[in-house]
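# Understanding the architecture of this molecule
In case you want the letters, here they are:
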Amino acid sequence: QVELVESGGGLVQAGGSLRLSCWASGRTFNTYRMGWFRQAPGKEREFVAAISGNSKSTYYADNVKGRFTISRDNAKNTAYLQMNSLKPEDTASYYCAVAVFILGPAAQSQYYQYWGQGSQVTVSS
């Protein structure tokens, strides 16, 4: 069982920045694939970004590429999502996820075994 604790959401004006953090329990954090997904009201959950255990591979959705950066600090068991140039359409609940077992593509939510509680990000125009 992996516990995830998210922090860092909030309200920001368009063009602003926020950083989300996701702490995960476990002694083998450096082997986990970490992902971020988001879900806006009335919409399906969508992939945002993911990072491999050794940080050598990162993946981004097209609509956040160049604005969002995923990173991790394995010494702190924490993954981050730095969000810059935020737009109102980025408003959503953001969820971090862990893939302990790498069973499929990083962008597909069904291949993550554990999920955080969600952090609300609201971008005002």
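A short tour of the structure in this document, coming up. Everything numeric in this text was worked out from a predicted model, so none of it was measured.

So, how was this worked out
- Residues numbered from 1 in each chain as written.
- Predicted model: local features only at pLDDT ≥ 70, side-chain atom pairs only at ≥ 80, totals over all residues.
- Heavy atoms only, no water.
- Helix = DSSP H or I, 4+ residues; strand = E, 2+ residues; numbered from the N terminus.
- Buried < 20%, exposed > 50% of the residue type's maximum accessible area, 1.4 Å probe, protein only.
- Contact = heavy atoms within 4.5 Å.
- Areas by Shrake-Rupley, 256 points an atom, 1.4 Å probe, with all protein chains shown as cover.
- Lys, Arg positive; Asp, Glu negative; His and termini not counted.
- Charge placed at Lys NZ, Arg CZ, Asp CG, Glu CD.
- Core = buried A, V, L, I, M, F, W, Y, C linked by side-chain atoms within 4.5 Å.
- Salt bridge = Lys/Arg side-chain N within 4 Å of Asp/Glu carboxyl O.
- Polar contact = N/O pair within 3.5 Å; in protein donor to acceptor, adjacent residues only side chain to side chain.
- Pairing = 2+ DSSP bridges.

When helices and strands are counted, the protein shows zero helices and 11 strands. Seen in sequence order, the protein has helices and strands lined up from the N terminus as β-β-β-β-β-β-β-β-β-β-β. Principal-axis analysis of the C-alpha atoms gives the protein an extent of 40 × 25 × 25 Å. Per-residue burial for the protein yields a buried fraction of 45% across its 125 residues. Pairs at least 24 residues apart make up 57% of the contacts formed inside the protein by residues separated by at least 6 positions. When the accessible surface of the protein is summed, it comes to about 6,400 Å², and 47% of that surface belongs to carbon and sulfur atoms. Measuring between centres, the 12 positive side-chain charges of the protein sit 7 Å from its 8 negative side-chain charges.

Moving on, we come to the nonpolar core. Met-34, Leu-81, Met-83 and Tyr-94 are the most contacted members of the largest nonpolar core, which totals 36 residues. Sorting the residues of this core by element identifies strand 3 (18–24), strand 4 (33–39), strand 5 (46–51), strand 7 (68–73), strand 8 (78–83), strand 9 (92–99) and strand 11 (119–124) as the ones contributing at least two each. Per-element accounting of this core gives the leading share, six residues, to strand 9. Discounting residues that sit within four places of it in the chain, Met-34 has contacts with Leu-4, Cys-22, Phe-29, Ala-49, Ala-50, Ile-51, Ile-70, Arg-72, Ala-79, Ala-97, Val-98 and Tyr-112.

Turning next to the side chain of Glu-6. Mapped onto the secondary structure, Glu-6 falls in strand 1 (residues 4–7). In this structure Glu-6 is buried but unpaired, with Arg-45 as the nearest side chain of opposite charge at 8.3 Å. A polar contact of 3.0 Å, which involves the side chain of Glu-6, links it to the backbone nitrogen of Cys-96. Within the local environment of Glu-6, its side chain forms a polar contact with the side chain of Ser-119, the two groups lying 3.1 Å apart.

Before going further, it helps to spend a moment on the pairing of strand 3. Most of strand 3 is tucked away: five of the seven residues are buried. Note: strand 1 against strand 3, four bridges, orientation antiparallel. What sits directly across from Val-5, in strand 3, is Trp-23.

Right, let's get into the environment of Tyr-59. Tracing the backbone shows Tyr-59 in strand 6 (residues 58–60). Residue Tyr-59 is classed as partly exposed on the basis of its relative accessible area, which comes to 33%. Along the backbone, Tyr-59 and Asn-77 are 18 residues apart, and their C-alpha atoms lie at a distance of 19 Å. Not counting residues within four places of it along the chain, the set of residues in contact with Tyr-59 comprises Arg-33, Phe-47, Val-48, Ala-49, Ala-50, Ile-51 and Ala-106.

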